[in-house]
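Reading the structure
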Amino acid sequence: MPIIINLDVMLARRKMSLTELAQKVDLTIVNLSILKTGKAKGVRFDTLEAICKALDCKPGDIIDIE
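Source: prediction; values computed, not measured.

**Observations concerning the overall build of the chain**
When helices and strands are tallied, the chain shows 5 helices and 2 strands. Ordered by position in the sequence, the α and β elements of the chain form the string β-α-α-α-α-α-β. Its C-alpha atoms give the chain a radius of gyration of 11 Å, near enough to 11 Å, the size a compact globule of 66 residues would have. Taking the principal axes of its C-alpha atoms as reference, the chain extends roughly 30 × 20 × 20 Å. The burial tally for the chain puts 29% of its 66 residues in the buried class. Of the contacts made within the chain by residues no fewer than 6 positions apart, 62% connect residues no fewer than 24 positions apart.

Here it is as structure tokens:
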């Protein structure tokens, strides 16, 4: 059962670019891009919390399982 990252979907819904999100959560675009493409091996809870606050969503809106 692969885990699916829907970061690109939430960015589109919020009409926010990856660059803008990177600035808001103080992460590099490269690290967010790795997460967005599903190549990340894990994500820290504080990072997930910052992304959720910036996108005004819940973790389940970003992370799903197939």
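**Considering the environment of K58**
Inspection of the secondary structure puts K58 in the loop between α4 (45-55) and α5 (59-62). Between the C-alpha atom of K58 and that of L48, which follows or precedes it by 10 residues, the distance is 9.2 Å.

**Some remarks on unusual backbone geometry**
With phi around 60°, D26 is a residue other than glycine that occupies positive phi space. We note that D56 has phi near 50°; this positive angle belongs to a residue other than glycine. Within the element layout of this structure, D56 appears in the loop between α4 and α5. Looking at D56, the relative accessible area reads 63%, which means it is exposed.

What counts, and where the lines are drawn
- Sequence order as written defines the numbering, with residues in each chain counted from 1.
- With the structure being a predicted model, the display of local features is reserved for residues of pLDDT at least 70 and the display and counting of side-chain atom pairs for 80 or more, all residues being used for whole-chain, interface and lining totals.
- Excluding hydrogens and water, the side-chain figures rest on all heavy atoms present in the structure.
- Numbered from the N terminus, helices here are DSSP runs of H or I no shorter than four residues, and strands are runs of E no shorter than two.
- Radius of gyration means the value over C-alpha atoms here, while the globule rule gives 2.2 Å times the residue count to the 0.38 power.
- Partly exposed describes any residue whose relative accessible area lies between the buried limit of under 20% and the exposed limit of over 50%, with all areas from a 1.4 Å probe on protein chains only and scaled to the type maximum.
- By the convention used here, residues are in contact when the closest approach between their heavy atoms is within 4.5 Å.

Nothing here speaks to function; it is geometry throughout.
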